[in-house]
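Fold and geometry: a report
One-letter residues, chain by chain:
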Amino acid sequence: DHVPRSELFGAHFGARCEALSARFSRSGLCQLHQWRIWAAERALYEGMPSPRLLERCHSAFEDGSATASSLQRAVGDGLAALGLRVEEEVQLSSGYSLDFVVDWRGQRLGVEVDGPSHFVGEAPSGRTMLKRRQLRSLGWRVAPVPYLEWNGLAQAGSPTPSPDLEVARQQQPQQQQRLLFLAAP
């Protein structure tokens, strides 16, 4: 049986977090930040840790220094070859970051390049699914670019973006359709 939320995350929850806060690792602070986003999705505000602890959690969460992989650089080059205005490594106020943000048909679209560490077998990892869900709840449309699909496109020789602008323009309708498909809710 499920324990009611108030029993799990009532007034005592914030006090307990405060009492243990000196022991929290960076990972623990990040998890508490993700819990805060989850709680806000559900309008659960009772039992929140102090603003000071929540700020520590937020700072730890957004402190992850990202380095672009060769796959991520290739996807960015492909987006730019489509003539899209591409912003890289965009830090959001939530603490999450997006690999790319592009203007797509009048709206901002997040693009996440999902390499092998984002999967367990061929399924997205729990961490990847949580990020996608929380970004959606924060109002973002996100187009995932799974490495298996990107590599498959490269092997097939079809809509892999080309560094040659003329070839990219010829491929543009296929690539735009793929990007729109990835961004569908």
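All values reported here derive from a predicted model rather than from experimental measurement.

Conventions and cut-offs
Residues numbered from 1 in each chain as written. Predicted model: local features only at pLDDT ≥ 70, side-chain atom pairs only at ≥ 80, totals over all residues. Heavy atoms only, no water. Buried < 20%, exposed > 50% of the residue type's maximum accessible area, 1.4 Å probe, protein only. Helix = DSSP H or I, 4+ residues; strand = E, 2+ residues; numbered from the N terminus. Pairing = 2+ DSSP bridges. Contact = heavy atoms within 4.5 Å.

We now examine the pairing of strand 6 (residues 142-146). In terms of residue burial, strand 6 counts as a mostly covered element, since 5 of its 5 residues are buried. The two faces of strand 6 match: Val-142, Pro-144 and Pro-146 on one face and Ala-143 and Val-145 on the other face are all buried. Note that strand 3 (residues 107-114) and strand 6 share 5 bridges and pair parallel. Within strand 6, the position partnered with Val-111 by the bridge is Ala-143.

What follows deals with the side chain of Ser-125. Considering the arrangement of structural elements, one finds Ser-125 in the loop between strand 5 (123-124) and helix 6 (126-137). Not counting residues within four places of it along the chain, the set of residues in contact with Ser-125 comprises Ser-117, His-118, Phe-119 and Val-120.

This paragraph deals with unusual backbone geometry. Here the phi dihedral of Glu-89 falls at roughly 45°; this positive angle occurs in a residue that is not glycine. Mapped onto the fold, Glu-89 is located in strand 1 (residues 86-91). With a relative accessible area of 29%, Glu-89 lands in the partly exposed category. Not every positive phi belongs to a glycine, and Arg-105 is a case in point at roughly 50°. Considering the arrangement of structural elements, one finds Arg-105 in the loop between strand 2 (97-104) and strand 3.

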